[in-house]
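# A closer look at the structure
Listed below, chain by chain, are the residues.
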Amino acid sequence: MSNVHESPLAGETGAPRAPMLPTPIGPLSDFTTRVLTDTRLQPDVAEIVALDVDDPIGDLDFQRSLYVLHELHFRSFHGVHPDAEWHPSVVGWWHRLAGRFESALRELVALRPVEDGAAGAAIERCISEFEGPSLSGYILDHASPHLLREFAIHRSAYQLKEADPHTFALPRLGGAAKAAFVEIQMDEYGEGIPGRAHAELFAATMRGLGLDDTYGHHLHLLPGTTLATTNLITHLALHRRLLPALLGHLALFEMTSVTPMGRYARAMRAIGAPTSACEFYDVHVEADEHHGPLARAQLVDAYVAENPEQATLAVWGAEITMAVERRFAEHLLDSWSNSETSLLAP
């Protein structure tokens, strides 16, 4: 690779503008910023001590570092060399963080055996047995512009690129599972109609709430538990061996979104939000009535039928998603019940 300072900044004419790198807030994010802007650094330097963080899933410094490295595979950041994505120093550093993250995920939710051919049923059972807090119920009961703005800022890390991480699965699938996956993703991308992709509809929701919808604009406000929800998807997406877990993740999203999306739509209307700001939630209610059964039967079950040894990992993908989303919801609800912001200080 050429020296990081020899070529122009990342980005091509017509490409979406890359966001700015967030300000480091600890030793991990400080080193991450430096390894991206000077790839002569090596990830095994003695000053890096932070892989012994007690709680990688909730640790802000850890999660922001991992998020920044993940973003190299999406829009990257202003001032980061295009080749940094695959530079050995950067990849080595990401590999260490990713390994620690996955270890924490497996400590949070252990793999459990699944009966042959019962992956979809096992995911449905996990959903029915879930007893976590209802974030959508709280937002509907306490609907206010402030609450819905905070919620939108949290979700912007994923929703402004909705479907993109899951799409890494496309070249790894075949047969009936691939056909179902393509059908789901086509809906996510608005059937190819400009302005109709779900990410674009969410941007309209943010504008309707008076928020800046620029990609990456609110990254500095997001706590570790929020970043972990997006880092989970990307971690599953970037590891081909975790394809079954990524499918379980997507299936869970599709199988559980109708009720909460309906509540968010009602909450938006309760505060007088314009129709354009409600459409993101309305579209999900309609689409996921179909996507849920499709994801279970034609995506997960079809994939597991051809790869029965992967059933356990597919169900784990759904289970770990629920666990990480639960931590996210608990942070928001704990903050709001104490009349505190759930976001970081600017």
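Refer to the structure above for everything that follows.
Residues numbered from 1 in each chain as written. Predicted model: local features only at pLDDT ≥ 70, side-chain atom pairs only at ≥ 80, totals over all residues. Heavy atoms only, no water.

## Considerations on the overall build of the chain
Secondary structure assignment for the chain yields 13 helices and 0 strands. For 346 residues, the compact-globule estimate of 2.2 N^0.38 gives 20 Å, and the C-alpha radius of gyration of the chain, at 20 Å, lies within 12% of that figure. Dimensions of the chain, computed from the C-alpha atoms along their principal axes, are close to 50 × 50 × 40 Å. Out of the 346 residues in the chain, the part that is buried amounts to 53%. (Helix = DSSP H or I, 4+ residues; strand = E, 2+ residues; numbered from the N terminus. Rg over C-alpha atoms; globule rule 2.2 N^0.38 Å. Buried < 20%, exposed > 50% of the residue type's maximum accessible area, 1.4 Å probe, protein only.)

## Some thoughts on helix α4 (residues 119-129)
All buried positions along α4 are accounted for by A119, G120, A122, I123 and C126. When α4 is viewed along its axis, its buried side chains cluster within an angular range of 165° and face the same direction. Seen from the open side of α4, the exposed residues pointing more than 90 degrees away from its buried face are S128 and E129. Of the surrounding secondary structure, the elements contacted by the buried residues of α4 are α10 (243-256), α12 (275-306) and α13 (311-337). (Arc of directions from axis to C-beta. Contact = heavy atoms within 4.5 Å.)

## Looking at the packing of α4 against α12
With their axes 8 Å apart at the nearest point, α4 and α12 run at an angle of 125° to one another. Compared by their axis directions, α4 and α12 come out oblique. Here A119, G120, A121, I123 and E124 of α4 come into contact with α12, specifically with R296, V300, D301 and V304. Along the lines of polarity and charge, the residues of the contact of α4 with α12 split into 5 nonpolar, 1 polar and 3 charged. (Axes fitted to C-alpha atoms, helices over the stretch in contact; angles between N-to-C directions. Parallel < 35°, antiparallel > 145°, perpendicular 65-115°, else oblique. Nonpolar A, V, L, I, M, F, W, Y, C, P; charged D, E, K, R; others polar.)

## Here we look at the pattern of salt bridges
With the rule as written, the count across this model stands at 13 salt bridges. In this structure, E71 and K161 form a salt bridge, with 2.4 Å as the shortest nitrogen-oxygen distance. With a gap of 90 residues between them, E71 in helix α2 (residues 60-71) and K161 in the loop between α6 (145-159) and α7 (175-188) connect regions that are remote in the sequence. Exposure remark for E71: the relative accessible area of 1% places this residue in the buried category. Since its relative accessible area comes to 2%, K161 is described here as buried. (Salt bridge = Lys/Arg side-chain N within 4 Å of Asp/Glu carboxyl O.)

## Focus on the packing of α6 against helix α8 (residues 198-208)
Between α6 and α8, the least distance of the axes is 10 Å, while the angle of their chain directions is 160°. The pairing of α6 with α8 is recorded here as roughly antiparallel in orientation. By crossing handedness, the relation of α6 to α8 is classed as left-handed. On α8, the residues touching A152, R155, S156 and Q159 of α6 are A199, F202 and M206. (Left-handed = near helix turned anticlockwise from the far one by under 90°.)

## Regarding unusual backbone geometry
The phi dihedral of S76 is positive, around 60°, even though this residue is not glycine. If you trace the backbone, S76 turns up in the loop between α2 and α3 (88-108). Although it is not a glycine, A163 adopts a positive phi angle of roughly 85°. One can find A163 in the loop between α6 and α7.

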